[in-house]
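# Summary of structural features
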Amino acid sequence: MGSRRQSALSKSIRSALFRDPNDFNRTTTGHIQVLFSIYYIELLRYADILFQRLRNNVWQIDENEYLECFSAADRVKSMGDLGFSGSTFFSTSNSKFLIKSLPRHFEHSFFRRDLLQPYYMHMCTKPDSLLVWITDYVFAPYVTIGSLLRTTPAHHIIMENMLCGKSDDLAKDQWETYDLKPVDYFYPERDLVPDYLLDEKTMEKLGDRLEDKIRLSSGDFEDLIGTLRIDTNFLQESNAVDYSLFLVRYPASSTPAVVGRKNRWRVGVPSSDAKWKYRVVLLDFFWARHKLHAQAMTGVVQTFNMIGRQGPMTITTTAEEYRGKFLEMVEAMVEVHEEEY
């Protein structure tokens with residue numbers, strides 16, 4: 001990402017968090033003034049009261065501490081274009097929060113129109129949910145040349161960073177992260193583009209493999225799988241597929257700081273062999289089956305025609321089937337050790 005684009009987008013995001021959306025009035029003149037903007041884009045908070053309730057009441061995030069993470073120009077830093085979908089990522093300099101763009105319409109429209117209110121209710125009633133904490137949503141009220149050309153994303157979510165505390169850990173070089181999905185499936189990106197058009201670096205973005213086992217006591221395993229069953233049932237009812245399990249493991253001797261509610265799977269659950277601690281969340285639940293059907297019928301799919309493809313695909317699976325495969329994946333990667341009394 002160019003430094004000019006990075007600086008402009010960082011400024012846009014910070015401005016949105018410190019602007020009262022009720023003070024913003026959409027006007028024709030204002031629309032014309034920003035239309036030809038290439039890099040800077042006017043952003044506003046979406047559903048700001050709802051997200052503040054989640055931050056303060058459910059996740060116990062101190063509001064002053066939260067805003068302090070974004071208050072200065074050097075506190076929001078680019079992490080580059082890390083997603084296959086073209087998403088751009090920023091991190092606060094203290095690594096407490098991440099900003100991710102949602103450049104694809106079917107993703108951000110599903111989150112706003114279909115998932116946001118149920119997500120809010122789920123988090124309120126299940127405060128120990130393992131769905132990632134989405135703490136804010138900012139969007140562009142006006143169309144600009146930059147957003148049309150996709151040089152500047154118009155929709156962004158702010159979420160917790162599961163690597164919070166890593167930078168201050170003396171053992172930070174031993175931290176490991178895994179973005180895990182059922183290996184049975186071709187992912188949406190693969191479903192739409194033949195393998196021979198994808199280079200090795202691009203393919204690496206599609207998913208990780210954990211060659212080791214997650215070693216847990218029987219009690220911790222039941223806690224993990226029980227919470228995941230509840231959360232994935234919620235995602236199934238929302239018709240979501242292609243979500244992933246984000247796993248962080250770091251040395252058991254480390255005690256990194258966290259933000260907000262001290263949920264044990266966010267703080268770090270010790271492995272049964274006392275070598276690691278594990279952090280776990282569910283990520284990327286923005287693919288909905290009822291949104292994907294229209295995408296699957298696009299000219300891209302028809303042109304490539306899935307020549308040579310074998311096996312199930314996430315654009316044709318059901319939310320129920322994906323959930324089943326996902327839970328099977330988690331159970332298969334855990335090695336359970338009985339507690340000794």
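Here, the structure is the one placed above.
Before going into details, it helps to say that this report is about the structure given with it. (Residues numbered from 1 in each chain as written. Predicted model: local features only at pLDDT ≥ 70, side-chain atom pairs only at ≥ 80, totals over all residues. Heavy atoms only, no water.)

## Focus: the nonpolar core
Test applied: Grouping buried Ala, Val, Leu, Ile, Met, Phe, Trp, Tyr and Cys residues that are joined through side-chain atoms within 4.5 Å yields what is termed a nonpolar core. Burial classes: relative accessible area under 20% of the type maximum marks a residue as buried, over 50% as exposed, and values in between as partly exposed (1.4 Å probe, protein chains only). Secondary structure elements are taken from DSSP: a helix is a run of H or I of four residues or more, a strand is a run of E of two residues or more, and numbering for both begins at the N terminus. In this document the domain limits rely on a domain assignment from an automatic tool or a database.
Within the largest apolar cluster, 88 residues are counted, with the highest numbers of intra-cluster contacts made by Y119, L245 and F285. Ranked by residue count, the leading element in this core is helix α5 (residues 105–125), at eight residues. Two domains share this core, each providing at least three of its residues, namely domain 1 (1–161) and domain 2 (168–337).

## A few points about the sheet that holds strand β7 (residues 176–180)
Which entries qualify depends on this criterion: Any two strands are treated as partners once DSSP identifies two or more bridges connecting them. Note on definitions: a residue-residue contact is assigned when non-hydrogen atoms from the two residues lie within 4.5 Å. Angles run from 0 to 180 degrees between N-to-C directions of axes, and those axes are lines fitted to C-alpha atoms, restricted for helices to the stretch in contact.
Read from one edge to the other, the open sheet built from four strands follows the order β7-β10-β12-β11, with strand pairing classed as antiparallel. Since the sheet does not close on itself, it has two edges, and those belong to β7 and β11 (269–270), each with one partner. By the bridge criterion, eight bridges tie strand β10 (residues 244–251) to strand β12 (residues 276–283) in an arrangement that is antiparallel. Bridge assignment links L247 to a residue of β12, and that residue is V280. Sitting on the sheet, helix α9 (residues 218–237) touches β10, β11 and β12, and the angle it makes with β12 is about 10 degrees. Here helix α13 (residues 319–333) sits on the sheet and contacts β7, β10 and β12; the angle it forms with β10, its principal contact strand, is near 20 degrees.

## Points about the pairing of β12
Counting buried positions along β12 gives eight out of eight residues, so the element sits mostly inside the fold. Of the two faces of β12, the one lined by W276, Y278, V280 and L282 and the one lined by K277, R279, V281 and L283 are each fully buried. Where β11 meets β12, two bridges bridge the pair, whose relative direction is antiparallel. Within the sheet, the bridge partner assigned to P270 lies in β12 and is K277. Counting the residues between successive antiparallel strands, the hairpin from β11 to β12 contains five residues, one of them, A274, with a positive phi of roughly 65 degrees.

## A word on the packing of aromatic side chains
Worth spelling out the cut-off: Under the pairing criterion, centres of Phe, Tyr and Trp rings, with the six-membered ring standing for Trp, must be within 6.5 Å; the plane angle then separates stacked pairs below 30 degrees from edge-to-face pairs above 60, leaving the rest tilted. Only Lys NZ and Arg CZ are tested; either one counts as a charge over a ring when it is within 6 Å of the ring centre and within 35 degrees of the ring normal.
Evaluation of the coordinates by the stated rule reveals 15 aromatic pairs. For the ring pair W59 and W133, a centre distance of 5.3 Å and an interplane angle of 10 degrees mean the geometry is stacked. Residue W59 is located in the loop between α3 (48–58) and α4 (63–68), and its partner W133 is located in the loop between α5 and β5 (134–139); the two are separated by 74 residues in the primary sequence. On the basis of relative accessibility, which here comes to 0%, the residue W59 falls in the buried class. Taken together, the aromatic side chains of Y46, F111, Y119, Y137, F139, F285 and F286 make up a single cluster linked through ring pairs. In this structure, R249 packs its charged tip against the face of W276, placed 4.1 Å from the ring centre.

## Regarding the pattern of salt bridges
Convention followed: One speaks of a salt bridge when a side-chain nitrogen belonging to Lys or Arg is within 4 Å of a carboxyl oxygen belonging to Asp or Glu.
Across all of its chains, the model carries 16 salt bridges by this definition. Linking R264 and D220 is a salt bridge whose minimum nitrogen-to-oxygen distance equals 2.9 Å. Here the residue R264 occupies a position in helix α10 (residues 264–267), and D220 occupies one in helix α9, the gap between them amounting to 44 residues. The class for R264 is partly exposed, based on a relative accessible area of 38%. With a relative accessible area of 13%, D220 lands in the buried category. For R264, the salt bridge goes to D223, with nearest N and O atoms at 3.1 Å. Linking R264 in helix α10 with D223 in helix α9, this pair joins segments that are 41 residues apart in sequence. Among the residues examined, D223 registers a relative accessible area of 28% and is labelled partly exposed.

Shape descriptors only; they carry no functional weight alone.
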